[in-house]
Every structure is written in C-alpha cells, then in structure tokens.
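# Coordinates in review
Okay, here's what each chain looks like letter by letter:
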Amino acid sequence: MTSDEEPSTSDTAKVPVLVAALLGVLALLAALAAGHLVAGFVGGNASPYLAVGNGAIDLTPVELKDYAVRTFGTYDKLVLLLGMAVVMVLVSAAAGVASRRSVVPGAVVIAVFGVVGIVAVAARPDLTAVAVLAPIASLLAGVGVFAWLRRLFHTKAKAKAEQEEGPSRRSVLLAGAGVVVGAGAAGAAGQVLAGARDAASSRANVGALVPARTAPAIPADADFAKLGTPPFLTPNKDFYRVDTALSVPQVRTEDWRLRIHGMVDRELTCDYADIRDRPLVERTITMTCVSNEVGGPYVSTANFVGVDLADLLTEAGVRPGAEQLFSTSVDGWTAGTPVAAALDRGRGAMLAIGMNGEPLPVEHGFPARLVVPGLYGYVSATKWVVELEITTWAARRAYWLDRGWAERAPIKTQSRIDFPKGFETLPAGKVRLGGVAWAQHTGVAAVEVRLNRGPWQEAMLSKEVNADTWRMWWHEFDVPAGSHQISCRATDKSGQVQTGERRGTVPDGATGLHTISFTTR
Ligand SMILES: Nc1nc2c(c(=O)[nH]1)N[C@H]1C(S)=C(S)[C@@H](COP(=O)(O)O)O[C@H]1N2
Ligand SMILES: [Mo]
C-alpha cells in the first residue's frame, strides 16, 4: 500500500494522484460541453471556450499578436485554441490533485474559469444578455460534476481503505464514462443547434442579387493566369482573409440592422431589405491589407455588389465639421475612414452585400461590409458592419490605432513576383517571370524588372480593368547558368515610381522592392 492510500481518519482517504487529476479534467469537459450546449440556444459564439479565446485576442499585446501571425500564419487562431486547451487541461488536472483532501480548491478553480467565461461572454458586443447563460451553465455543470464525481471516487477510496463495502468499481467507472459520453452528446447537440441558427442558412435564402449597374466584363487579357499570375478575379474561397474574429460572427439577414448616426441631420436605420431593394451597383475592386509584407499574399480582387456609401450618407445628411466615418462591426471591431473618401462619388465607396456573384461569404462580412477603393482594409473595410457614426478624428479612435497603426492609410503602390518562385531551379536560357502590381485609385502605368541589379526593363502589362484594380505583368530574360536575382517595381499613373526604401508594415504599410533569387543550369 502506498502512502497515498494510507487509511486515516474518515474524509482524508485519498484517491490516487492520476485519478484525482482525471476528475479535474472530466469536470472541465462537462463544463465546456454544458456551455456549448446552451450556446446552441443563445448564440454559438457564447460558447465559453470561443468567447475566452476571442477575449484573449483583443487583450493580446501587439508584439505577441505580430509574433503569432509571423510564426503560425493563418494557423495563429488554431494555435491559440490548442494552447488554451492545454493550459485548461493542466490547470484542471492540478485542481483535481489539489482537491484530494477537500473539494474546495477544485471547486474554486472551476468557479474562476466560470467567471472568466462569464466576463468574456458579457464583453462580447455581438451577444445579448441571455448569452451569459452559457458560461453560467458551464460553471454549474463544472462544479456539480466535480463535486459528484469526487464524492463517488473518494467514498470508494475510503471504503477500500477501511475495508468496507463501498460503491463498486464498476459504478465508479460508469460514472466517469457517463460524464465523457454526456459531454460528447451535449457538445454535439450544441454544435447542431448553433448550426441551425447560423448565418449560412440565412445566406442560403438570400437568392440572386442582381445589380442594376453591372461592372464591365473582365477582358480575357486582364491576367496572365496561363503563365502563372493569379486569375484577375480572386475566387471567394481564395480571397485573402484578415480579421480579429476567432469564430466568425453569425449575423442573419433578419436580425441585421445598420444604424447611421452622429453628425447627421437625421439618423437612419436600414434593414437588409432596405438595402437589397435599392438599385445595386457592381464594382471591380482590389482590396489590400496593411499587414501585407512586400511580396505577400494579402491582396485580392472581386466584383462587389452593393449600394453607394455616398447615397446612404447623403440621405442621413452629413453635417459640416464631420471628419471621420467610424464604422463598427457586430463583434465590436471598428475602423475610421475619412468622411471625404466615403462621400467622394469618384472613389465609389460601397456598402457591399455581394461578392463575385454571390451574397457576401460569412467570413467576408455577411450580411454587409464596407469596401472603400484605395484604402487599406483596417481603415475602411468593416465586415459584419452594423453602425456608421459620423464624427471627428478626436472623438473616436478605431481598433488598430491604439495598437500602433496610422490614422490614415491609403494603399501604397506595390508589385510582386509570382513566378518563378524564390529559390526555384530552372533551365538556363529564356526565363519568364511575372506577377502583379497595384496602385489603387491612381492606376498602374508601368512595371519594370531587373536582373542581377542590371538596367530596369519594362515588362508587358495586362489590360487595365480600372484604376482601383491590380494589373498583371510578365517579362523574359536571357539567363546564363548560375544564380540570379530579380526585382520588380511599379510606376503609377501620376508618374510616381514605387520606392525601394525598405519599411515594415507598421504603421501604414510596407515598402521596398520584391526581390527573389533563383538558379539556372
Ligand atoms: N469586423 C472586422 N472587419 C474587418 C477586420 C476585422 O478584423 N474585423 N479586418 C479588416 C482588415 S485589416 C482587412 S485587410 C479587411 C480584410 O477583408 P477580407 O477578410 O474580406 O479580405 O477586412 C477589414 N475588416
Ligand atoms: Mo488589414
């Protein structure tokens, strides 16, 4: 008999350490599952695990966030969720062990988890007050299951120690297995229930969004996809995605409202029908993220369908002195756009509801988002948008501003080499290279390339679709065997040549020339 099982006075009979740890983990499982089940009724994003993860993202210091994105790329959120899971399992196991003498330490740890969950859910602007029922269910299930299982296991240990008849080994194991099965069933039910109420089913009912004014057809020579550039229009599934949402906000058209207020003559509130029943326009626009490194992938092009932001704002009547269009997403994320850019009809800022012939995909902001040609997404492209406040720069500060990014951020002229790939080995002789360039709102006039720091040579450009979209380019060099380097640079239609000065993405977008190395033999 180990000292762990040493019989002593009544309630100090201890279960083995591993069993004690398992009790903590089972209680955690029950808690998460109960929360997930209730979230199925009150809104999927109320699931405490997701809510805590979302809260963690908002609280994460910028340096750590940048590190996570750099290190894990688009897996950063998965890594966060897994990391949270590991920490929770370890803490729960430790709590179980700490409770070998008394139920109190474990119950306290579970209660603390519960309170963190309640705070995280209550802090989510896209959830209503009933949503806290989910973390409350977690708390109750966690403490309840822990106390119950612990009592069962400890009674058994004590009976064994005192060589008395206690609960059978079988009933104790069954209780543990029951918790696992019950948690699985509750979790799955929550998933199904949330799925039935999520945005996808609402989106499936939207039907065709037929623009009154369609965008000009994309000419066949608008890209060099056959050579290796991206296709001119990015399919929705390939369109880059950048947002702070761990779980995609689920907004149904029937629940969506857009409120326009602040420095306006009359407040407006529109529902989905109000927007889709207007004459819709379609525009081909290339969006870019300020976090795109030189040569990076966060740039894509789509046909957006929606209404002119200028029309909506003019209906509300923008008052003199207004500077900032402060837009808010259902998940609380915010962006600040110059009012002048939103009102400028020549720019064509939109409240978009469609993308490439479909309703907006849920990840891209369904039911509605902003798209402002020529401005980086973080200052213009609010997804799941629910509020437009007309205000000043001094009155409101948008999400990324307190995290080191600039107040104004027009997209910088950039060009990228898509082929050959960096460090590729090719046959010596004629080497074809190509890629994309963008200078939104001014337009790309030329792309030049150079081999091994030689003279700049002008590349062949694809047909221009409009000044707000990217242009593809290609060129050919005669290359002897050896290792080589190529760079590209774009010139916009105002004659401005893309700067070669290397700067990082913070505070207002990276600059520098995309340069790659390859070998020929
Ligand atoms: N609600 C919300 N909208 C958002 C963001 C966000 O984090 N949350 N990110 C912005 C940023 S930084 C960019 S670049 C664009 C990206 O839009 P996409 O994901 O559709 O490509 O959305 C913008 N809109
Ligand atoms: Mo972005």
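Keep in mind that what you see is a predicted model, and the values were worked out from it rather than measured.

### Examining the pattern of salt bridges
For the coordinates displayed, the defined rule picks out 21 salt bridges. In this structure, the salt-bridge partner of Arg 241 is Asp 243, at a minimum N-O distance of 2.8 Å. The class for Arg 241 is partly exposed, based on a relative accessible area of 32%. Residue Asp 243 is classed as buried on the basis of its relative accessible area of 16%. Sharing partners across several salt bridges, the network here consists of Arg 213, Arg 283 and Asp 308.

### Some details on the pairing of strand E17 (residues 471–479)
Of the pairings in the sheet, the one linking strand E13 (residues 429–438) to E17 comprises nine bridges and is antiparallel in character. Bridging from a neighbouring strand, Ala 437 pairs with Arg 471 of E17.

### Things to note about the sheet that holds strand E1 (residues 257–262)
Pairing in this open sheet of five strands is mixed, and the strands run E2-E1-E10-E5-E6 from one edge to the other. Taken across any chain shown, the strands that pair with only one partner, and hence form the sheet edges, are strand E2 (268–271) and strand E6 (334–338). In this sheet, adjacent strand axes meet at a mean angle of 15° when their direction is disregarded.

### Topic: the packing of aromatic side chains
Two measures describe an aromatic ring pair: the distance that separates the ring centres and the angle between the ring planes. Counted under the stated rule, the structure contains nine aromatic pairs. Aromatic pair Phe 239 and Phe 304: ring centres 6.2 Å apart, planes at 85°, arrangement edge-to-face. Of this pair, Phe 239 sits in the loop between helix H8 (199–204) and E1 while Phe 304 sits in strand E4 (residues 299–308), and the two are 65 residues apart along the sequence. A relative accessible area of 4% places Phe 239 in the buried class. Taking relative accessible area as the criterion, Phe 304 reaches 0% and is therefore assigned buried. Plain terms: the ring middles of Tyr 240 and Tyr 298 are 6.0 Å apart, the flat faces sit at 40° to each other, and that makes the pair tilted. One end of the pair, Tyr 240, is in the loop between H8 and E1; the other, Tyr 298, is in the loop between strand E3 (281–288) and E4, and 58 residues separate them in sequence. Tyr 240 sits in the buried class, given a relative accessible area of 10%. When the ring centre of Tyr 399 is taken as origin, the NZ or CZ atom of Arg 403, which lies over that ring, is 3.7 Å away. Across the ring face of Trp 474, the terminal group of Arg 432 is positioned such that the distance to the ring centre comes to 5.2 Å.

### Considerations on unusual backbone geometry
In terms of backbone geometry, most residues other than glycine have negative phi values and most peptide bonds are trans. Here the bond from Phe 419 into Pro 420 is cis, since omega is -5°, no more than 30 degrees from zero. Residue position: Pro 420 is located in the loop between strand E11 (414–419) and strand E12 (425–426). For the bond from Val 506 to Pro 507, the omega torsion is 5°, close enough to zero to count as cis. Take Pro 507: it is sitting in the loop between strand E18 (482–492) and strand E19 (515–520). Non-glycine residue Phe 423 carries a positive phi angle of around 70°. Tracing the chain through its elements places Phe 423 in the loop between E11 and E12. Positive phi, normally seen in glycine, also occurs at His 441, with a value near 80°. Mapped onto the elements, His 441 comes out in the loop between E13 and strand E14 (444–451). Under the relative-accessibility criterion, His 441 is labelled partly exposed at 28%.

### Quick word on the nonpolar core
The biggest cluster of nonpolar side chains holds 78 residues, and the ones touching the most others in it are Phe 304, Leu 309, Leu 312, Leu 325, Leu 351, Tyr 378 and Leu 388. If we ignore the near neighbours within four places in the chain, the residues touching Leu 309 are Leu 325, Ala 342, Ala 349, Met 350, Leu 351, Leu 370 and Leu 388. In terms of nonpolar packing, the next biggest core, distinct from the first, is built from 20 residues, Ala 439, Val 449, Phe 477 and Cys 488 among them.

Rules of the game
- Think of each chain on its own: its residues are numbered from 1, step by step along the sequence as written.
- Think of it this way: whatever chain is written first is A, whatever ligand is written first is 1, and the rest follow in order.
- Local features in a predicted model are, by the rule used here, given only for residues with pLDDT of at least 70; side-chain atom pairs are given and counted only at 80 or more, and totals for whole chains, interfaces and linings are based on all residues.
- Side-chain numbers here rest on the full set of heavy atoms in the structure, without hydrogens or water.
- Salt bridges are defined as contacts in which a side-chain nitrogen from Lys or Arg sits within 4 Å of a carboxyl oxygen from Asp or Glu.
- Classification of residues uses two cut-offs on accessible area relative to the type maximum, computed with a 1.4 Å probe and protein chains only: under 20% is buried, over 50% is exposed, and between them is partly exposed.
- The pairing criterion is simple: DSSP has to find at least two bridges between the two strands.
- Here a strand is any run of E in DSSP of at least two residues, a helix any run of H or I of at least four, and the numbering for each starts at the N terminus.
- Throughout, an axis means a line fitted to C-alpha atoms (over the contacting stretch in the case of helices), and angles, computed between N-to-C directions, take values from 0 to 180 degrees.
- Paired rings are identified among Phe, Tyr and Trp, the last through its six-membered ring, by centres lying within 6.5 Å, and are further divided according to the angle between planes into stacked (under 30 degrees), edge-to-face (over 60) and tilted (the rest).
- Working rule: Lys NZ or Arg CZ, within 6 Å of ring centre, within 35 degrees of ring normal, means a charge sits over the ring.
- Buried residues of nine kinds, namely Ala, Val, Leu, Ile, Met, Phe, Trp, Tyr and Cys, make up a nonpolar core once their side-chain atoms join them within 4.5 Å.
- By the convention used here, residues are in contact when the closest approach between their heavy atoms is within 4.5 Å.

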